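Structural description and commentary
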Amino acid sequence: METLDIATPQMALLYGLCLVPGLLLWLIGLQLSRDIGLSILRMTIQLALVGIYLKTLFNLNNPWLNGLWILVMLIVADLSILRRAGLKARYFALATFSAVAASVLFSTIYLVILVIQPTHFYDARYVVPLAGMILGNCLQGNVIALERFYSAVRKNENEYATYLMLGATRWEAVKPYFKEAIKAAINPTIASMTTMGLVSLPGMMTGQILGGSEPWLAVKYQIAIMVCIFTSTTIAGIINLKLSLNIAFNNFDVFREEVITKTS
Amino acid sequence: MSPSIRFDQVSVSVNEKSILSGINFSLFPGEKAVLCGKSGSGKSSVLKTLMGLLPVTQGLVYFEEIALSPLSVKHVRSCAAYIGQEPIMGADNVQDALLLPFQFKIHRQHRPTEKQIVDVLQRLQLPADILKQQSSRISGGEKQRIALARGLLLGKTLYLLDEVTSALDTESKQAVFDVFSDPGLTVLSVAHDLDWQERCDIIFELDAGRLTEGRRHGNT
């Protein structure tokens with residue numbers, strides 16, 4: 001079963017659908033036409049470029065090129081995590097990169113080599129989209145973990161100092177905030193797994209069904225990706241926070257304010 | 001006898017703002033000292049510096065004649081108890097708050113007996129049934145005495161007290177005074193309370209981060 005192509009006139013018809021929300025927004029007095037137009041244009045250009053790049057990547061199917069693409073994704077994710085968590089990249093870039101790379105590569109390699117078992121383990125059709133999906137979710141989790149943890153450390157400065165004065169090591173003193181941060185980071189994935197299929201059909205599964213896969217096969221891939229997302233988010237969050245503890249605190253176990261980019 | 005605490009030309013800056021400047025003083029074991037001065041004069045910063053919570057930009061802080069370092073600060077923290085105006089309980093109920101430090105590896109083997117707990121509470125004029133109360137329900141003065149009880153149960157010998165008698169009634173204050181009459185306990189405190197100042201051996205005056213005067217009680 002093949003997916004039906006969408007011809008150019010039909011694509012134009014699709015864009016035309018945006019006129020309906022555009023008109024409604026205009027009627028209620030929301031002047032968003034410029035933002036909407038710009039976002040649709042950006043989406044089209046970005047996805048077209050990704051389409052061209054992925055087509056080339058799939059055609060060449062070179063392990064080094066695939067690896068390089070994943071490396072670029074990891075670097076972009078690394079910087080994005082730190083920017084969104086309000087931490088300075090010059091202090092944390094290596095720690096975050098190591099944690100995210102280790103967990104995403106572990107989950108992807110596990111999934112591709114042991115579970116899916118394609119002819120070539122580096123097959124771009126499997127490695128690139130799966131690594132991308134795992135990384136995208138891992139990114140969200142790590143932003144939440146870092147942001148929650150360091151907000152809590154700063155907000156509870158006196159409590160943290162009290163723990164130290166009561167004999168706690170740095171690790172013992174931050175452990176309550178650490179646990180809360182990891183819980184917050186993995187909660188969205190747990191909630192998503194809990195309601196999957198009931199509240200909405202997951203994107204990957206829908207894509208596969210539209211792509212011509214049997215529903216049962218799409219279900220198995222969806223389960224596989226969710227397990228890997230959960231695994232990599234948990235591993236990356238824990239390693240990332242653990243590594244960051246050596247950077248964010250000085251030798252006297254005091255939080256270094258200079259490592260953050262924003263004040264709250 | 002060597003001093004328990006010694007500040008040698010200590011200056012502290014935070015975000016390039018001078019907090020303490022050229023502080024010099026010594027405190028011997030068993031002595032009780034009070035830091036006085038206007039709000040913002042750096043009194044609490046002296047305590048925080050000794051605990052290793054503020055960066056020393058110049059000079060040296062000594063505890064038991066060992067210069068404060070990332071390694072030695074652990075010893076300071078194991079000997080010193082810090083009690084502020086509104087101590088952090090760290091647990092929902094008072095009993096858990098009192099036993100909180102005994103969850104940490106360093107104290108795990110030294111969990112106090114029930115008798116030891118009751119004795120300490122009695123010394124501080126606290127009823128035994130306070131242990132069953134919610135931490136959020138007890139008064140500021142009771143929190144201070146629970147924090148003090150925690151220090152006593154841990155066998156701390158140095159007490160860093162920040163306005164610790166501010167929330168206490170006369171009877172409770174007397175109980176705290178009695179506890180600190182023990183010659184084995186060294187006290188460095190911050191207090192506006194004249195009764196407290198009266199009972200201390202040494203009074204240090206601070207002004208804009210500088211130590212302007214240090215006098216033994218009764219001397220001028």
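Quick note: structure is the one above.
Cut-offs used in this document
Residues numbered from 1 in each chain as written. Chains lettered and ligands numbered in written order. Predicted model: local features only at pLDDT ≥ 70, side-chain atom pairs only at ≥ 80, totals over all residues. Heavy atoms only, no water. Helix = DSSP H or I, 4+ residues; strand = E, 2+ residues; numbered from the N terminus. Rg over C-alpha atoms; globule rule 2.2 N^0.38 Å. Buried < 20%, exposed > 50% of the residue type's maximum accessible area, 1.4 Å probe, protein only. Contact = heavy atoms within 4.5 Å. Areas by Shrake-Rupley, 256 points an atom, 1.4 Å probe, with all protein chains shown as cover. Axes fitted to C-alpha atoms, helices over the stretch in contact; angles between N-to-C directions. Left-handed = near helix turned anticlockwise from the far one by under 90°. Nonpolar A, V, L, I, M, F, W, Y, C, P; charged D, E, K, R; others polar. Parallel < 35°, antiparallel > 145°, perpendicular 65-115°, else oblique. Pairing = 2+ DSSP bridges.

1. Observations concerning the overall build of chain B
Check the secondary structure of chain B and you find 7 helices and 10 strands. A compact globule built from 220 residues would reach a C-alpha radius of gyration of about 17 Å, and chain B, at 17 Å, matches this within 12%. Within chain B, the fraction of its 220 residues that count as buried is 51%. Counting contacts in chain B only where the partners sit at least 6 residues apart, residues at least 24 apart contribute 68% of the total. Within the structure as shown, chain B displays about 10500 Å² of accessible surface, and the carbon and sulfur contribution to it stands at 47%.

2. Let's talk about the packing of helix α3 (residues 33–60) of chain A against helix α4 (residues 63–85) of chain A
Residues and elements named next belong to chain A. Look at α3 against α4: their axes get within 9 Å of each other, and the N-to-C directions meet at 145°. Of the two possible hands of crossing, α3 and α4 adopt the one that is left-handed. Between α3 and α4, the contacting residues are Y53, L54, L57 and L60 on the first element and L65, N66 and W69 on the second. Residues belonging to the contact of α3 with α4 are distributed by class as follows: 6 nonpolar, 1 polar and no charged.

3. Remarks on the packing of helix α9 (residues 203–210) of chain A against helix α10 (residues 215–248) of chain A
Residues and elements named next belong to chain A. Where α9 contacts α10, the two axes come as close as 9 Å, and the packing angle between them is 150°. Looking at the two axes, α9 sits roughly antiparallel to α10. The way α9 lies across α10 gives a crossing that is right-handed. Only P215, L217, A218, V219, Y221, Q222 and I225 of α10 make contact with α9, whose side of the interface consists of M204, M205, Q208 and I209. Among the residues forming the contact of α9 with α10, the class breakdown is 9 nonpolar, 2 polar and no charged.

4. Quick notes on the pairing of strand β9 (residues 202–207) of chain B
Residue and element names in this part refer to chain B. In this structure, strand β3 (residues 32–37) lies alongside β9, joined through 5 bridges in parallel fashion. If you follow V34 over to β9, its bridge partner there is I203. As paired elements, β9 and strand β10 (residues 210–216) share 6 bridges and run antiparallel to each other. Paired with I203 across the strands is R215, a residue of β10. Counted along the chain from β9 to the antiparallel partner β10, the turn is 2 residues long, and its residue A208 has a positive phi close to 45°.

5. Some details on the environment of B:V118
Residues and elements named next belong to chain B. On the secondary structure map, V118 appears in helix α4 (residues 114–123). The exposure class of V118 is partly exposed, given its relative accessible area of 29%. Placed 11 residues apart in sequence, V118 and D129 show a C-alpha to C-alpha distance of 9.7 Å.

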